[in-house]
Amino acid sequence: MAGDSSIFRRGEGLEMKHRTVAAWLSAIFAGLGQLYNRQFIKGILFIAVEILALFYFINNLGTAIWGTVTLGESGSHFEKVNGIARLVPGDHSINLLIQGLITIILFIIFVIYYVMNIKDAYQIGKQRELGVAANNFKGTLQYILEQKFAVAFLTIPGIGILFFTIMPIIFMILLSFTNYSAPDHLPPAKLVDWVGFDTFKNLLTLKSWSHTFWGVLVWTIIWAVLSTVTTYFGGMFVALLIQQKVVKLKGLWRTILIIPYAIPQLISLLVMRNMFNGQFGPINQYLAYFGLGGLPWLTDPFWAKVTVIVVNMWVGIPVSMLLIMGVLTTISKDLYEAADIDGATNYQKFRIITLPMILFSTAPILITQFAGNINNFNAIFLLTNGNPVVGDYQYAGATDLLVTWLYKLTLDQNRYNMASAVGIIIFLIIASFSIYNYRRTRSFKEEDMIQ
Amino acid sequence: MSARKLGNFVRAAGSYLLLIIISICCLYPALWVVLASFRPGKSLYSKTLIPEVFTLDHYRELFTSKSILFGQWYMNTLKISVLSTIIGTILVLLTSYAVSRFRFRGRKTALSTILVLGMFPGFMSMIAVYILLKEMHLLDTHLALIIVYAAGAPLGGTFIMKGYLDTIPRSLDEAAKIDGASNLMIFSRIILPLSRPMLTYIALTQFVGPWVDFIFAKLVLRTKPNWTVAVGLYDMVSSNQNSNFTVFAAAAVLIALPIGILFMFLQRMLVDGMTAGASKG
């Protein structure tokens, strides 16, 4: 009786055991649980990963945390070696920060791996308790390809995005809380320190910076509105012009008007920069030919703004035209026929049928274009370089947008902390528009009003 | 009746006049730069639009000059853009196929992450990527550019591609699955052929990137023989603006021509791509 029950209990204990033992073994050292579950290749692979990881983290994790917290403790300095003063390289704060960041990201990945390893051992142990044999290695691979396909597929792009996008963005966000900036805090000569929100405070309240910031921000918004509106309605106008019944050879006109779109912006904008050249450019040459004085297209603050808007129309109208022509073909002819019967004039037809249909279908694109124009680096940088320079701005010119200012602050002036702060603000602006847009399109899709 | 005819006539005449003026505005810069590239001399200024004598000297100079290594830059760019297009397009396909066809934990998070990341200005990450490449000893190599361009592709293309894949009926996959097809087979036999139009769009936008990126490429490529055409072209303009304009014009024509032709061929798809990108969430 006693024996029976003990056997019974032992059996129950064994069943319980597989999953707990496997999980515990894997918790002690990754892969052990898998070995216990008789998944030998998998187990060995897991063990190998853990050994590599241990080597790496024992050497690096301490330094990484120290580096990110302190950003280095000694700048480069002179030290007496055998009575001769010698320059000793100090800690490079920025390299410490970025190496620390990479190590910490790798550590997070490792922790996730470890947890998954324990979970896996537990699951397989459970399967074995239920009498299902554990997959062999080939079976495991097949399982991943069939059941975990999406996750497996996403790994490679995920790693790329993690290291080339997410890590850099975190890095730059962190930078805005440091004093990494010319002239006083540039490694390797000097150390960089954490300063909290000082950078943002300076940007928004320190007279010289805030004046530039608000000035550039206001022009960025004016530019975004004007450039979006001009290209959009310009494109609509051209599309309607070509689509008229009286116009023949529609294909030909369309092809001609698309040409600006087909030329890469790098080329067309650099060419435009030469065309609007105040001294030798053909535009002023023609104006002189008609007896008019040349205009300071790129050198006067007001005219430079006019020039960028006009040139942007040249670049942007074809895209809007193509889009709107696409919409026009989808508007049903019945609507117009019904309007004809009611005796509507052309203007009425446009206002009541055409315009709402176009606006409805292209509204999301309009918002995307608006957000894109806030960040329209090429149009400004290639054409005017942000110039003409404004005297009381900090490193910005009359046509500089926030993005081009960001570029100058980073690559020309090495004011990295300010640049990051500006970048975060740009992100907030763009993000609010895009999220609004995203929501809107979703609600549109669900409502399905017109189609 | 005749008043109406007259009205129509005026309207037609007005429309044609406007179209002609707009066409001239569209064509003039292109025409001007093409003609300038055949003009003798070096200066930006010319008395007439059409040069009195045509010359091919500037094109010759591009390929023989000691300071402008245009031929080499062209090959560099071609290499970088072909490789990054292939890798980048594959990555976009992988991501969008996964998020379009499978429901897994973290899918929503993955999607919104991609959306949010795309909103950061690119320059913000440049310095960090630069230091990262330095640590990997990849500065001044083409591999660095290929990796960075390809790794960035899923951010730009996933939403557009996913929107397109969503329109391919799932019943096709399911039927194939019942017939015993594996995920990889469904991917290569059904999804891949059906998504060819959008694939072309993604590949084209990816292909053009290296031809026009003059900022990141300049940061990474330190020595002249390694440059891409965009870096070289921008250097020509920023370093000596008026002194050698005609050579710049010739280079501009040689870069714009292949890309322009590609765009003209694929314009339909480009519009579809843009619309899909904006309206599909």
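Residues numbered from 1 in each chain as written. Chains lettered and ligands numbered in written order. Predicted model: local features only at pLDDT ≥ 70, side-chain atom pairs only at ≥ 80, totals over all residues. Heavy atoms only, no water.

Observations regarding the overall build of chain A
Point 1. Across its full length, chain A carries 17 helices and two strands.
Point 2. In summary, chain A has a C-alpha radius of gyration of 32 Å against a globular reference of 22 Å for 451 residues, an excess of more than 25%.
Point 3. Overall size of chain A, expressed as C-alpha extent along the three principal axes, is 115 × 85 × 35 Å.
Point 4. Looking at the 451 residues of chain A, the share that counts as buried comes to 46%.
Point 5. For chain A, the exposed surface amounts to about 22800 Å²; the carbon and sulfur share of it is 67%.
Point 6. Taken together, the 31 basic and 24 acidic charged side chains of chain A have centroids lying 4 Å from each other. (Helix = DSSP H or I, 4+ residues; strand = E, 2+ residues; numbered from the N terminus. Rg over C-alpha atoms; globule rule 2.2 N^0.38 Å. Buried < 20%, exposed > 50% of the residue type's maximum accessible area, 1.4 Å probe, protein only. Areas by Shrake-Rupley, 256 points an atom, 1.4 Å probe, with all protein chains shown as cover. Lys, Arg positive; Asp, Glu negative; His and termini not counted. Charge placed at Lys NZ, Arg CZ, Asp CG, Glu CD.)

Regarding the overall build of chain B
Point 1. Broken down by element type, chain B carries 13 helices and zero strands.
Point 2. In sequence order, chain B lays out its α and β elements as α-α-α-α-α-α-α-α-α-α-α-α-α.
Point 3. A compact globule built from 281 residues should have a C-alpha radius of gyration of about 19 Å, whereas chain B, at 24 Å, is more than 25% larger.
Point 4. Expressed as a percentage of the 281 residues in chain B, the buried residues total 52%.
Point 5. Residue pairs at least 24 apart in sequence account for 73% of intrachain contacts in chain B once pairs closer than 6 positions are excluded.
Point 6. Each charge class in chain B can be summarised by its mean position, and for the 25 positive and 12 negative side chains these summaries are 6 Å apart. (Contact = heavy atoms within 4.5 Å.)

Considering the confidence of the model for chain B
Residues and elements named next belong to chain B.
Point 1. Averaged over every residue, the pLDDT of chain B is 84; the share at 70 or more is 94%.
Point 2. Within chain B, helix 3 (residues 70-101) carries the highest mean pLDDT (91), whereas helix 13 (residues 267-279) carries the lowest (64).
Point 3. Note on the complex model: pTM 0.82, ipTM 0.84. (pLDDT = per-residue confidence, 0-100.)

Quick notes on the environment of Leu-32 of chain A
Residue and element names in this part refer to chain A.
Point 1. Inspection of the secondary structure puts Leu-32 in helix 2 (residues 32-36).
Point 2. In the structure, Leu-32 is positioned 17 residues away from Val-49 in sequence and 12 Å away in space, judged by C-alpha atoms.
Point 3. Discounting residues that sit within four places of it in the chain, Leu-32 has contacts with Leu-25, Ser-26 and Ile-47.

Structural notes on the packing of helix 8 (residues 207-243) of chain A against helix 9 (residues 250-262) of chain A
All names here are of chain A.
Point 1. For the pair helix 8 and helix 9, interaxial distance at closest approach is 10 Å and the crossing angle is 160°. The pairing of helix 8 with helix 9 is recorded here as roughly antiparallel in orientation. Relative to helix 9, helix 8 is oriented so that their crossing is right-handed. In contact with Val-238, Ile-242 and Gln-243 of helix 8, helix 9 contributes Lys-250, Trp-253, Arg-254 and Leu-257.
Point 2. Of the residues belonging to the contact of helix 8 with helix 9, the class tally is four nonpolar, one polar and two charged. (Axes fitted to C-alpha atoms, helices over the stretch in contact; angles between N-to-C directions. Parallel < 35°, antiparallel > 145°, perpendicular 65-115°, else oblique. Left-handed = near helix turned anticlockwise from the far one by under 90°. Nonpolar A, V, L, I, M, F, W, Y, C, P; charged D, E, K, R; others polar.)

Looking at the side chain of Thr-55 of chain B
All names here are of chain B.
Point 1. Locating Thr-55 in the fold gives a position in the loop between helix 1 (2-37) and helix 2 (57-64).
Point 2. Residue Thr-55 is classed as buried on the basis of its relative accessible area, which comes to 14%.
Point 3. If we skip the residues at most four places from it in the chain, Thr-55 touches Ser-37, Phe-38, Arg-39 and Pro-40.

As for the environment of Phe-153 of chain A
Point 1. With respect to the secondary-structure elements, Phe-153 of chain A resides in helix 6 (residues 149-175).
Point 2. Take Phe-153 of chain A: its relative accessible area is 11%, and that puts it in the buried class.
Point 3. If we skip the residues at most four places from it in the chain, Phe-153 of chain A touches Leu-94, Tyr-97, Ala-98, Leu-184 and Phe-187 of chain B.

Things to note about the pairing of strand 1 (residues 77-81) of chain A
All names here are of chain A.
Point 1. Direction of pairing for strand 1 relative to strand 2 (residues 84-88): antiparallel, over a ladder of five bridges. Following the sheet pairing, Val-81 is matched in strand 2 by Ile-84.
Point 2. Hairpin geometry of strand 1 and strand 2 is characterised by an intervening segment of two residues between the two adjacent antiparallel strands and by a positive phi of about 55° at Asn-82. (Pairing = 2+ DSSP bridges.)

Quick word on unusual backbone geometry
Point 1. With an omega dihedral of -5°, the bond running from Asn-387 of chain A to Pro-388 of chain A counts as a cis peptide bond.
Point 2. Position of Pro-388 of chain A among the secondary structure elements: in the loop between helix 15 (377-383) and helix 16 (402-412).

Remarks on the interface of chain A and chain B
Point 1. Opposite the 89 residues of chain A that make contact, chain B presents 86 residues.
Point 2. Scanning the region where chain A abuts chain B turns up zero salt bridges.
Point 3. In this assembly, chain A and chain B are joined by seven residue pairs in polar contact (both at pLDDT 80 or more).
Point 4. Sort the elements by how many residues they give to the side of chain A that touches chain B and helix 6 of chain A lands first, with 19 residues.
Point 5. Partitioned by chemical class, the residues of the side of chain A that touches chain B number 66 nonpolar, 18 polar and five charged. (Salt bridge = Lys/Arg side-chain N within 4 Å of Asp/Glu carboxyl O. Polar contact = N/O pair within 3.5 Å; in protein donor to acceptor, adjacent residues only side chain to side chain.)

A short note on the pattern of salt bridges
Residue and element names in this part refer to chain A.
Point 1. According to the stated counting rule, one finds eight salt bridges over all chains in the structure shown.
Point 2. A salt bridge links Arg-19 to Glu-129, with the nearest nitrogen and oxygen atoms 2.9 Å apart. With Arg-19 in helix 1 (residues 2-28) and Glu-129 in helix 4 (residues 93-129), this residue pair connects regions lying 110 residues apart in the sequence.
Point 3. You can call Glu-129 buried: its relative accessible area is 15%.

Some words on helix 7 (residues 198-205) of chain A
Residues that lie three or four places apart on an α-helix share one face, since the helix turns once every 3.6 residues.
All names here are of chain A.
Point 1. When we look at burial in helix 7, the residues that qualify are Thr-199, Phe-200 and Leu-203. Around the axis of helix 7, the buried residues are gathered within 95° of arc, so they sit on the same side. Opposite the buried face of helix 7, at more than 90 degrees from it, the exposed residues are Lys-201 and Thr-205. (Arc of directions from axis to C-beta.)

Some remarks on the packing of aromatic side chains
All names here are of chain A.
Point 1. A full pass over the atoms with the stated rule returns 40 aromatic pairs over all chains.
Point 2. Here the aromatic rings of Phe-213 and Trp-214 are separated by 5.1 Å at their centres, their planes lie at 65°, and the arrangement is edge-to-face.
Point 3. For Trp-214, a relative accessible area of 46% corresponds to the partly exposed category.
Point 4. Taken together, a centroid distance of 5.4 Å and an interplanar angle of 75° make the contact between Phe-302 and Trp-303 edge-to-face.
Point 5. Here Phe-302 falls in the exposed class, since its relative accessible area comes to 51%.
Point 6. These aromatic residues form a ring-pair network of at least three members: Phe-46, Tyr-56, Phe-57, Phe-107, Phe-110, Tyr-113 and Tyr-114.
Point 7. Above the plane of the ring of Tyr-36 lies Arg-128, whose end atom (NZ or CZ) is 5.5 Å from the centre. (Phe/Tyr/Trp six-rings, centres within 6.5 Å; stacked < 30°, edge-to-face > 60°. Lys NZ or Arg CZ within 6 Å of the ring centre and 35° of its normal.)

Some details on the side chain of Ser-268 of chain A
Point 1. By the element assignment, Ser-268 of chain A lies in helix 10 (residues 265-275).
Point 2. If near-sequence neighbours (up to four positions away) are discounted, Ser-268 of chain A is found in contact with Ile-263 and Trp-314 of chain A.

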